[in-house]
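Spelled out, the chains give:
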Amino acid sequence: MPLTPLDIHNKEFSNKFRGYDEDEVNEFLDQVVKDYEIVIRDKKSLEEKVEQLEEKLGHFTNIEETLNKSILVAQETAEEVRGNATKESKLIIKEAEKNADRIINEALSKSRRISMDVEELKKQAKVFRTRLKMLVEAQLEMVETEDWEELFNTEIGDEEELLKNNA
């Protein structure tokens, strides 16, 4: 067990012949007691300071652990968000590709229908042209027949005779 300042102060030494000066020893012991008390106070103060610093260290250690956990959660969340964004972008791209394919297929189908309609119109135009040509040729043949010449050469009197013959 360590000595206390009181133990030092109360210490009695026996007297011997040719011993140390008692006053000098007492003065020295008083000085040792004072210094020892200062050392004990300093030690106690330092122990309190160490305790406070350990509490602060514990607090900061907790903060550090919390921050580390928060960073991990943030990193995991960021990875999750990044993964979700990647999945969503892939889905958007697939949907866009499907829409593009659908639009292209619809355009091709419409183009084929229009092409078929154009071909049908061409056939109808050819038929119309052929019929018109035949009609015009028939009309031209009628105009060029000799009946017209006979009509122009017929006299008015001849017309009356024609009417009588027809009646």
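Fair warning: this is a prediction, and the values are worked out from it, not measured in the lab. (Residues numbered from 1 in each chain as written. Predicted model: local features only at pLDDT ≥ 70, side-chain atom pairs only at ≥ 80, totals over all residues. Heavy atoms only, no water.)

Novice: Now, about a negative patch on the surface: what can you tell me, with residues and values included?
Specialist: The grouping of Glu-12, Asp-21, Glu-22, Asp-23, Glu-24, Glu-27 and Asp-30 at the surface amounts to a negative patch. Relative to the helices and strands, Glu-27 is located in helix α2 (residues 22–143). (Patch = residues over 30% accessible without salt bridge, like charges linked within 9 Å, V, L, I, M, F, W, Y side chains within 5 Å. Areas by Shrake-Rupley, 256 points an atom, 1.4 Å probe, with all protein chains shown as cover. Salt bridge = Lys/Arg side-chain N within 4 Å of Asp/Glu carboxyl O. Lys, Arg positive; Asp, Glu negative; His and termini not counted. Charge placed at Lys NZ, Arg CZ, Asp CG, Glu CD. Helix = DSSP H or I, 4+ residues; strand = E, 2+ residues; numbered from the N terminus.)

Novice: So what's going on with the confidence of the model for the protein chain? Residues and values would help.
Specialist: Considering every residue of the protein chain, the mean pLDDT works out to 88; 92% of them sit at 70 or more. When mean pLDDT is taken per element in the protein chain, α2 scores highest with 94 and helix α4 (residues 156–166) scores lowest with 64. (pLDDT = per-residue confidence, 0-100.)

Novice: So, the pattern of salt bridges: which residues are in play, and what are the values?
Specialist: Applying the stated criterion to the full structure yields four salt bridges. We note a salt bridge from Glu-79 to Arg-82, for which the minimum N-O separation is 2.5 Å. In this pair, Glu-79 and Arg-82 both sit in helix α2, three residues apart, roughly one turn of the helix. Assessed through its relative accessible area of 48%, Glu-79 is described here as partly exposed. We classify Arg-82 as partly exposed; its relative accessible area is 46%. (Buried < 20%, exposed > 50% of the residue type's maximum accessible area, 1.4 Å probe, protein only.)

Novice: Lay out the environment of Phe-13 in plain terms, naming residues and giving numbers.
Specialist: Inspection of the secondary structure assignment puts Phe-13 in the loop between α1 (5–10) and α2. A sequence separation of 49 residues divides Phe-13 from Asn-62, and the C-alpha atoms of the two residues are 55 Å apart. With residues up to four places along the chain from it excluded, the contact list for Phe-13 reads Val-25 and Leu-29. (Contact = heavy atoms within 4.5 Å.)

Novice: Tell me what's going on with the layout of surface pockets, and back it up with residues and numbers.
Specialist: Each pocket or cavity is described by its volume, and for the largest pocket that value is around 400 Å³. Lining the largest pocket are 15 residues; nearest its centre among them are Phe-13, Asn-15, Glu-22, Val-25 and Asn-26. The biggest single contributor to the lining of the largest pocket is α2, with five residues. Considered class by class, the residues forming the lining of the largest pocket number five nonpolar, five polar and five charged. (1 Å grid on protein atoms, 1.4 Å probe; cavity = no way out; pocket = protein on both sides within 12 Å on 5 of 7 lines; lining within 4 Å. Points joined across faces, edges and corners; volume = space filled by probe spheres on them. Nonpolar A, V, L, I, M, F, W, Y, C, P; charged D, E, K, R; others polar.)

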